[in-house]
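# Remarks on the overall topology
One-letter residues, chain by chain:
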Amino acid sequence: MDAKLVFLVLTFSISILGMFAFVIALIQKQVLVPDSASKSIFGKNEIGLTELESNGNISKTWRILDQSARNPILFFIVSSVIWLVIGSILGLLVSLKFHQPEFLGADDFLTFGKLRPLHLNVIAYGWLSPAALAVAMWLVPRMTRIPLQNNKILYGSGILWNFGVFAGCVGLLYGYTDGLEWLEFWWPIDILLAIAGAMVAIPLFKTVYKSKEKHLYVSMWYTICALIWFPVLFVIANSHFLHTGVQQAIANWWFAHNVLGLWVTPLGLGIIYYLLPKITGYPIASYQLSLFGFWGLALFYSQVGMHHLLGGPIPTWIANLSIVMSAGMAIPVITVAINHHVSTYRHFHVLKDSVVLRFIVFGAMSYTISSLQGSLHSIRTFNYVTHFTHWTVSHAHLGLYGFTSMVLFGGIYFALPRLMGTNFRKQYLINAHFWIAAVGIIIYAVPLGIGGWLQGQELRNTSGSFELSLKITMPYLFLRSIGGTLMLISHFLFLFNVVGILKSPKDTVKS
Amino acid sequence: MSKAYIFVFGGVSTITLSIFLFVLVPRLQISVVNNEGKSIQSPYTRSQLEGRQTYIEYGCVYCHTQQVRDPSAGADKYFGWGRASVPSDYIFDRPHLLGTMRTGPDLSNIGLRKPSRIWHHLHLFDPRLLVSWSIMPGFPFLYKTVQIENSPAKNAIKIPNNPNLWLLPSEKAENLVDYMLSLKRDGSIKDINNNIQKGKKNEF
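Residues numbered from 1 in each chain as written. Chains lettered and ligands numbered in written order. Predicted model: local features only at pLDDT ≥ 70, side-chain atom pairs only at ≥ 80, totals over all residues. Heavy atoms only, no water.

## Re the overall build of chain B
Per the secondary structure count, chain B includes six helices and three strands. Beginning at the N terminus, the succession of helices and strands in chain B can be written as α-α-α-α-β-β-β-α-α. Sorting the 204 residues of chain B into buried and exposed places 57% on the buried side. A sequence separation of at least 24 residues applies to 66% of the contacts in chain B between residues at least 6 apart. Only carbon and sulfur atoms are counted for the fraction: they give 55% of the accessible area of chain B, which is about 8,800 Å². (Helix = DSSP H or I, 4+ residues; strand = E, 2+ residues; numbered from the N terminus. Buried < 20%, exposed > 50% of the residue type's maximum accessible area, 1.4 Å probe, protein only. Contact = heavy atoms within 4.5 Å. Areas by Shrake-Rupley, 256 points an atom, 1.4 Å probe, with all protein chains shown as cover.)

## Some words on the overall build of chain A
Per the secondary structure count, chain A includes 18 helices and zero strands. By the compact-globule yardstick of 24 Å for 511 residues, chain A fits well, its C-alpha radius of gyration being 22 Å. Considering only C-alpha atoms, chain A reaches an extent of 70 × 55 × 45 Å along its principal axes. Classification of the 511 residues of chain A by burial places 64% in the buried group. Expressed as a percentage of contacts within chain A between residues at least 6 apart in sequence, the contacts between residues at least 24 apart total 84%. On chain A, roughly 18,300 Å² of surface is accessible, and the fraction owed to carbon and sulfur atoms is 72%. Charge-centre separation for chain A: the mean point of 31 positive side chains lies 13 Å from the mean point of 18 negative side chains. (Rg over C-alpha atoms; globule rule 2.2 N^0.38 Å. Lys, Arg positive; Asp, Glu negative; His and termini not counted. Charge placed at Lys NZ, Arg CZ, Asp CG, Glu CD.)

## Re helix H7 (residues 218-238) of chain A
Over its 21 residues, H7 of chain A runs 30 Å from end to end, which matches the ideal 30 Å to within 8%, given 1.5 Å per residue. With 18 of 21 residues buried, H7 of chain A is to be regarded as a mostly interior element. (Expected span 1.5 Å × (residues − 1).)

## Examining the sheet that holds strand S3 (residues 165-169) of chain B
Residues and elements named next belong to chain B. Ordered in space as S1-S3-S2, the three strands form an open sheet in which the pairing is antiparallel. Sheet topology places strand S1 (143-147) and strand S2 (157-158) at the edges, where each strand pairs with a single neighbour. Strand direction decides the pairing type here: S1 and S3, joined by five bridges, are antiparallel. Of the residues in S3, the one forming a bridge with Tyr 143 is Pro 169. (Pairing = 2+ DSSP bridges.)

## Considerations on the packing of aromatic side chains
Residues and elements named next belong to chain A. Across all of its chains, the model carries 44 aromatic pairs over all chains by this definition. With a centroid separation of 5.9 Å and an interplanar angle of 85°, the aromatic rings of Trp 138 and Tyr 274 are classed as edge-to-face. On the criterion of sequence distance, the pair formed by Trp 138 in helix H4 (residues 112-144) and Tyr 274 in helix H8 (residues 245-280) is long-range, its members being 136 residues apart. The class of Trp 138 is buried, set by a relative accessible area of 1%. (Phe/Tyr/Trp six-rings, centres within 6.5 Å; stacked < 30°, edge-to-face > 60°.)

## Regarding the confidence of the model for chain B
Residues and elements named next belong to chain B. Averaged over chain B, the pLDDT score is 86; the fraction of residues at 70 or greater is 87%. Across chain B, the element-wise mean pLDDT spans from 58 in helix H6 (residues 189-199) up to 96 in helix H5 (residues 171-182). In this model residues 199-204 is a low-confidence stretch, pLDDT under 50, and it forms 13 contacts with partners more than four residues away in sequence or in other chains. (pLDDT = per-residue confidence, 0-100.)

## Comments concerning the interface of chain A and chain B
Facing 107 residues of chain A, the contacting portion of chain B comprises 80 residues. In total, about 8,000 Å² of surface goes out of reach between chain A and chain B, with carbon and sulfur atoms giving 70% of it. On the chain A side of the interface with chain B, the three residues burying the most area are Pro 313, Phe 388 and Phe 466 of chain A, jointly 10% of the side's total. The interface formed by chain A and chain B contains two salt bridges. For the salt bridge of Lys 114 of chain A with Glu 57 of chain B, the shortest nitrogen-to-oxygen distance reads 3.1 Å. (Buried area = accessible area lost by both parts, 1.4 Å probe. Salt bridge = Lys/Arg side-chain N within 4 Å of Asp/Glu carboxyl O.)

## Quick look at the nonpolar core
If you look at the biggest cluster of nonpolar residues, it comprises 204 residues, and the most contacted ones within it are Trp 127, Trp 138, Trp 182 and Phe 255 of chain A. The contact partners of Trp 138 of chain A, leaving out residues within four places of it in the chain, are Asp 66, Ile 73, Tyr 274, Leu 275, Phe 414, Ala 415, Arg 418 and Leu 419 of chain A. The next biggest cluster of nonpolar side chains, apart from the first, holds seven residues, and it includes Leu 459 of chain A together with Val 68, Ala 75 and Phe 79 of chain B. (Core = buried A, V, L, I, M, F, W, Y, C linked by side-chain atoms within 4.5 Å.)

## Observations regarding the packing of helix H3 (residues 70-99) of chain A against helix H18 (residues 474-503) of chain A
All names here are of chain A. The contact between H3 and H18 brings their axes to 9 Å, and the two run at 160°. Considering the angle they form, H3 stands roughly antiparallel to H18. Like other packed secondary-structure pairs, H3 and H18 cross with a definite hand, here left-handed. Of the residues in the contact of H3 with H18, the class split is 19 nonpolar, seven polar and one charged. (Axes fitted to C-alpha atoms, helices over the stretch in contact; angles between N-to-C directions. Parallel < 35°, antiparallel > 145°, perpendicular 65-115°, else oblique. Left-handed = near helix turned anticlockwise from the far one by under 90°. Nonpolar A, V, L, I, M, F, W, Y, C, P; charged D, E, K, R; others polar.)

## Thoughts on the side chain of His 307 of chain A
Residue and element names in this part refer to chain A. The topology assignment puts His 307 in the loop between helix H9 (287-301) and helix H10 (316-328). In this structure His 307 comes out as buried when scored by relative accessible area, which is 8%. Apart from residues no more than four positions distant in its own chain, His 307 is found in contact with His 257, Ser 322, Ser 326, Ser 378, Asn 383 and His 387.

## Focus on the pattern of salt bridges
Using the criterion set out here, one finds 18 salt bridges over all chains in the structure. The closest approach of N and O atoms between Arg 46 of chain B and Glu 50 of chain B, which form a salt bridge, is 3.8 Å. With Arg 46 of chain B and Glu 50 of chain B both in helix H2 (residues 46-57), this residue pair falls four residues apart, about one helical turn. Accessibility expressed as a relative area gives 69% for Arg 46 of chain B, which makes it exposed. Since its relative accessible area comes to 35%, Glu 50 of chain B is described here as partly exposed. Beyond isolated ion pairs, a larger network of salt bridges with shared partners links Asp 108 and Lys 114 of chain A together with Glu 57 and Lys 172 of chain B.

## Details of the side chain of His 120 of chain B
Residues and elements named next belong to chain B. By secondary structure assignment, the location of His 120 is in helix H4 (residues 117-125). For His 120, a relative accessible area of 2% puts it in the buried group. At a separation of 3.0 Å, a polar atom in the side chain of His 120 contacts the main-chain carbonyl oxygen of Lys 114. In this view, His 120 contacts Ile 110, Lys 114, Tyr 143, Val 177, Met 180 and Leu 181; residues no more than four positions away in its chain are not counted. (Polar contact = N/O pair within 3.5 Å; in protein donor to acceptor, adjacent residues only side chain to side chain.)

## Details of a nonpolar patch on the surface
All names here are of chain A. Judged by side-chain polarity, Phe 163, Phe 166, Val 170, Tyr 174, Tyr 176, Trp 186, Trp 187, Ile 191 and Ile 195 come together as a nonpolar surface patch covering roughly 940 Å² of accessible area. For the nonpolar patch, the elements supplying multiple residues, two or more each, are helix H5 (153-173) and helix H6 (187-210). As for its position among the elements, Tyr 176 is in the loop between H5 and H6. (Patch = residues over 30% accessible without salt bridge, like charges linked within 9 Å, V, L, I, M, F, W, Y side chains within 5 Å.)

## So, the environment of Ser 47 of chain B
Residue and element names in this part refer to chain B. Inspection of the secondary structure assignment puts Ser 47 in helix H2. Classification of Ser 47 by relative accessible area gives partly exposed; the value is 24%. Remark: the alpha-carbon pair of Ser 47 and Pro 152, spanning 105 residues in sequence, is separated by 23 Å. Contacts of Ser 47, omitting those with residues within four sequence positions, involve Asn 175 and Asp 178.

## Thoughts on the environment of Ile 30 of chain B
Tracing the chain through its elements places Ile 30 of chain B in helix H1 (residues 4-37). Sequence separation between Ile 30 of chain B and Pro 127 of chain B is 97 residues; the distance between their C-alpha atoms is 37 Å.

## Points about the packing of H7 of chain A against H8 of chain A
Residue and element names in this part refer to chain A. Taken N-terminus to C-terminus, the directions of H7 and H8 make an angle of 160°; their axes are 8 Å apart at the nearest point. The angle between the axes of H7 and H8 places the two elements in the roughly antiparallel class. Classified by chirality, the crossing of H8 by H7 is left-handed. For the pair formed by H7 and H8, the contact residues are Val 218, Ser 219, Tyr 222, Thr 223, Ala 226, Leu 227, Trp 229, Phe 230, Leu 233, Phe 234, Ile 236 and Ala 237 on the first element and Trp 254, Phe 255, Asn 258, Val 259, Leu 262, Trp 263, Pro 266, Leu 267, Leu 269, Gly 270, Tyr 273 and Tyr 274 on the second. Taken together, the residues that form the contact of H7 with H8 break down as 20 nonpolar, four polar and no charged.

Here you go:
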């Protein structure tokens, strides 16, 4: 009891002190940023120039920074792309099993309940996390204007991380699981991943620390905080001995939603905030607004998780708190949306030339839609319909695929030629990837959302039966497999393109 | 390092606030229930616990919830899934198996709804033997089938519409069914509240 009280008082005072310090910083105008700082991502004479993914006119300053940690970044990118292909094959198998329950069902390893967590963990820890980290490793030197420090550590980290994911997956197949959604990996594996994660953070933080730049661009705020948040979340949520009963469910969904909110979302937004102005050649619409959006996300998003347990046996105050915070998320989402969409609108014509911008804009639009959808279905009236249904699955894929993965595709397509100093000429293949993936996620998410809604209506129908709630979803589950197949095809194309970029001839550098 | 400290500071304090609200306070609240609710719950037996581990291994939780909502939230009660869940239903559950998806029905009181061992074994072997519209995966790898005229073993089960075909459950399957049959969350809420209030004031 005493130790608990100490922690209680400690965390409460730290957070209150933090808020207090923040208000003081605000009063002393430490927090506000000059609008001119939004131009800090451009080099000399770069404003007004559209920068396409082919890197013909890149200046030497960027090239030196880009290539400062080339090989470890490449390792992260290539491994994550391979995991993506594996993860989406697993996803498709799982999807097929919904309408073909006998399909590959006779084998212990291929049963639905084993492939489903495998899909989630491979995508979350094999693809999203390392891919987002790789793009962040490429961005940090560009924004701090110094090479990535101590980047040799990243080899060790990459190997350890990938080994951890692999071992975790094998463990799941053999029944070594912690049994909690998003936290399935067996706990010794979690320790490996935590060490590997810390090894990524060292070079990134050191680079920020050593930087002499007066102002850090908005993408850096998101990256710095994501790198602080995720390790804390991961360690606390995986310390299973701390949690018990229903409280474990609370901690479980606190973690699971914060993985999205405080890890992949900030990293994804950081990439949009960088690439959108960089490609169009003009700074973001309102830099002050981006500040607002950032702190809003930090405050609101860290407290939304309990909308996963509405109607469940959890204390009402904590459910209500999460509903309020989820609705509050509309504030940072709308500010970010204004910033992104106004910037896009002003330079819409660039979409004609830049395929990467299409990925980024699609991602930004999905972020707005899925976040507002999230705020909406956290409200009890909506939640009581959508809870326990495929609507949630559709929503999760809109966020993690439509937003995060699309942005990461764009980020990798933009970063990779610059890291390699090559010029990939088959832009139509990248374009094909974009369209197949975009059509795929739309066919996936829209029908599944509708099916989920109908399912939820049936689960509320007091004169109905469970049978009806299942039967009504069947056509939508079939459509999901079609969307999923398209997504998988696009990922093979992605792998093909990444290899193509790696093998392209070296480009000449403009001095 | 410019103004990075503001973000480090702000980031740390927001996550600390979040830990305070979502980990520590609920932990204190729920530990009250844990102490007071034990008298109305019986702990799992060894075989039930092993069955629970099988339930976890085969990912049952991804389609089946073990939390019943209040009638204001859903038709759970009308589907026969019992009373709304309370925190003391989960005292012996580690890891928790509340679930968030209902591709399949809720299992909070499956032991009451389907008390037959034979039903569970046949259903696990091939769900569509008993429920034609089911999309649940079968678990044939947990069973052996034997073609013989008389019962080959004490726990063998005759497969319907199949002359002389018998089902031999593995130990895993037996334990899993033990666990399923133990799920009878039926303690009346009045008892639970009384028990909680006997000790400390109800903090909900």
